[in-house]
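Structural overview for review
For reference, the chains in residue letters:
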Amino acid sequence: MSLHRHGRVAALLLGLVLLVAACTGDDGENGDRAAGGQPAQPAPTESLLQTVTDRGTLRCGVNNTVPGFGFETAEGQIEGFDIDFCRAFAAAIFGVDDPQEGTHYELTPVDADARFNALRAGEFDVLVRNTTWTSSRDGGEGVSFAHPNFYDGQAMLAPADRFSTIEDLDGANICVTAGTTTELNLADYFGARDLTFEPIVLEDYEVIFEAFRQERCDAVTGDRSALAGLLPLWEEDVPNLTIFEDIMSKEPLAPGVVDGDSEWFDVINVVVNGIILAEELGVSQDNVDQEAESPSDPFIGALLGVPVQEGEELGLGFDPGIGIEATFMQNVLRAVGNYADIFDRHLAPLGHERGINALWTDGGIQYAIPFR
Ligand SMILES: N[C@@H](CCC(=O)N[C@@H](CS)C(=O)NCC(=O)O)C(=O)O
């Protein structure tokens with residue numbers, strides 16, 4: 001998040017850094033940091049907000065292999081929690097209640113290793129793909145992360161009849177996705193416990209599962225949320241799997257945009273924040289029409305961009321001044337609902353619990369800044 005506040009100069013500097021970085025030609029999680037990354041497109045001369053508005057279509061970089069978050073159905077539709085955030089951004093930007101794929105937004109599946117280069121190259125406008133916000137991605141990778149939409153942690157999946165703790169995996173072959181925090185945490189977590197392992201680094205879950213099925217790896221590590229969604233599918237082929245209790249890392253998953261475009265960042269960030277705030281205020285997909293007609297209190301009025309106080313002129317509700325209609329949260333809530341609506345639609349049916357993703361008022365850490 002560091003550079004986007006400093007505007008044009010920082011954006012130009014970033015462009016230079018990335019150009020220099022391009023010369024080393026490295027790739028991947030370690031390599032595509034600024035020191036070794038592929039060149040970004042030159043720093044944009046206008047905000048992506050203008051570009052996307054003129055184009056009329058938002059392009060989201062997504063996952064299509066993680067059940068509940070971004071997963072391609074048998075009908076070829078990509079659905080999930082992250083996908084609803086893409087829909088929410090489109091609803092806010094274009095002021096529509098039911099954004100249509102192909103018209104208002106496009107979903108571009110991207111693998112973990114390619115995602116930051118693709119974002120910087122302008123292949124999509126926002127990355128919303130179970131991506132962990134880390135300091136080096138924020139810094140050297142040139143990504144600005146919005147408010148996390150899911151707080152996760154790394155876990156280990158293994159056959160229950162062979163292993164039950166991380167220590168049991170001393171000397172094991174472990175499958176991991178290339179270009180992920182997972183790959184790096186695995187080495188640190190095992191190293192810190194004097195455990196040895198052989199990493200089998202593969203590009204995606206399809207290939208990983210094939211390797212696991214053939215017993216080329218004894219266990220698979222990944223974000224707990226992803227493994228929990230995959231376990232029932234994998235158990236159809238390999239019965240009796242378990243996910244260990246150990247949480248090996250912190251994985252705050254957040255939408256990301258290219259550094260240096262504060263207008264664009266603000267739009268993405270305020271929508272994620274607004275979705276959480278709506279749950280705090282009790283405004284959902286079910287009651288948004290009623291609250292927009294007659295807000296129960298001024299806080300809800302501010303969220304929905306409608307006036308409630310005496311003296312406010314009709315039609316002049318609170319406007320955060322981020323370059324989209326003041327009523328954008330009405331569109332977002334009609335399109336996808338609040339945080340609980342999205343969670344209940346995609347994650348609760350897979351058995352995910354709110355846990356630390358509960359609101360701060362319910363013992364979790366989801367906390368929205370006020371609309372004021
Ligand atoms: N949150 C982690 C991991 C993200 C990630 O890509 N996870 C892998 C497995 S944990 C994944 O989603 N793989 C799906 C695929 O590439 O098919 C990160 O940002 O590096």
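See the structure shown above.
A quick note: this is a predicted structure, and the numbers were derived from the prediction, not measured. (Residues numbered from 1 in each chain as written. Predicted model: local features only at pLDDT ≥ 70, side-chain atom pairs only at ≥ 80, totals over all residues.)

**Some remarks on the overall build of the protein**
The number of helices and strands found in the protein is 14 helices and 15 strands. Per-residue burial over the protein gives 48% buried out of 372 residues. Here the analysis covers contacts within the protein between residues at least 6 apart in sequence; of these, 72% occur between residues at least 24 apart. (Helix = DSSP H or I, 4+ residues; strand = E, 2+ residues; numbered from the N terminus. Buried ≥ 20, exposed ≤ 12 C-beta atoms within 10 Å, placed from the backbone. Contact = placed C-beta atoms within 7 Å.)

**What to know about the sheet that holds strand β13 (residues 241-243)**
Within the open sheet, the 5 strands sit side by side as β11-β10-β12-β9-β13. Their pairing is mixed. Each edge of the sheet is formed by a strand with only one pairing partner; in this case those strands are β11 (197-202) and β13. Adjacent strand axes in the sheet meet at a mean angle of 25° when their direction is disregarded. In terms of strand pairing, strand β9 (residues 154-159) meets strand β12 (residues 219-223) through 4 bridges, oriented antiparallel. Bridging from a neighbouring strand, L157 pairs with V220 of β12. (Pairing = 2+ DSSP bridges. Axes fitted to C-alpha atoms, helices over the stretch in contact; angles between N-to-C directions.)

**Some words on the sheet that holds strand β4 (residues 78-79)**
Read across the sheet, 3 strands follow the order β2-β3-β4 without closing on themselves; strand pairing throughout is antiparallel. Of all the strands in the sheet, just β2 (65-66) and β4 have a single pairing partner and so form its edges. As paired strands, strand β3 (residues 70-72) and β4 are joined by 2 bridges and run antiparallel to one another. The residue bridging E72 from the neighbouring strand is I78, located in β4.

**Details of the site of the ligand**
For the ligand, the set of nearby residues contains 19 residues, the closest of which are T65, A112, T180, D204 and G222. Those elements giving two or more residues to the shell around the ligand turn out to be β2, α7 (181-192), β12 and β14 (251-253). Taken together, the residues of the shell around the ligand break down into 5 nonpolar, 10 polar and 4 charged. Summarising the domain contributions, the shell around the ligand has at least three residues from each of domain 1 (3-151 + 253-259) and domain 2 (154-249). (Near = placed C-beta within 6 Å. Nonpolar A, V, L, I, M, F, W, Y, C, P; charged D, E, K, R; others polar. Domains from an automatic or database assignment.)

**Re helix α4 (residues 81-94)**
Between its first and last C-alpha atoms α4 spans 20 Å; for 14 residues at 1.5 Å apiece the expected length is 20 Å, and the two agree. Count one or two residues on from α4 and you reach G95, which has phi positive near 65°. (Expected span 1.5 Å × (residues − 1).)

**Regarding the pairing of β11**
Bridge count between strand β10 (residues 172-177) and β11: 6 bridges; the pairing is parallel. What sits directly across from A172, in β11, is F197. As a crossover connection, the stretch from β10 through α7 into β11 is right-handed. (Right-handed = clockwise from strand over helix to strand, strands pointing away.)

**What to know about unusual backbone geometry**
With a phi angle near 55°, D194 is a residue other than glycine that sits in the positive phi range. Summarising the element assignment, D194 is placed in the loop between α7 and β11. A positive phi angle, close to 65°, is found at N240, a residue other than glycine. Within the secondary structure, N240 is located in the loop between α9 (224-235) and β13. N240 sits in the exposed class, given 9 other C-beta atoms within 10 Å.

**A few points about the environment of A254**
Tracing the chain through its elements places A254 in the loop between β14 and β15 (256-258). Not counting the four nearest positions on each side in its chain, A254 is found in contact with T131, W133, F145, A146, H147, P148 and N149.

**Section: the environment of A112**
As for its placement among the helices and strands, A112 is situated in the loop between β5 (105-109) and α5 (115-120). Taking C-alpha positions, A112 is 9.8 Å from V62, a pair spaced 50 residues apart along the chain. Excluding residues that lie within four positions of it along the chain, A112 makes contacts with T177, A178, G179 and T180.

**Considering the environment of A91**
Considering the arrangement of structural elements, one finds A91 in helix α4. Along the chain, A91 and A335 lie 244 residues apart, while their C-alpha atoms are 6.6 Å from each other.

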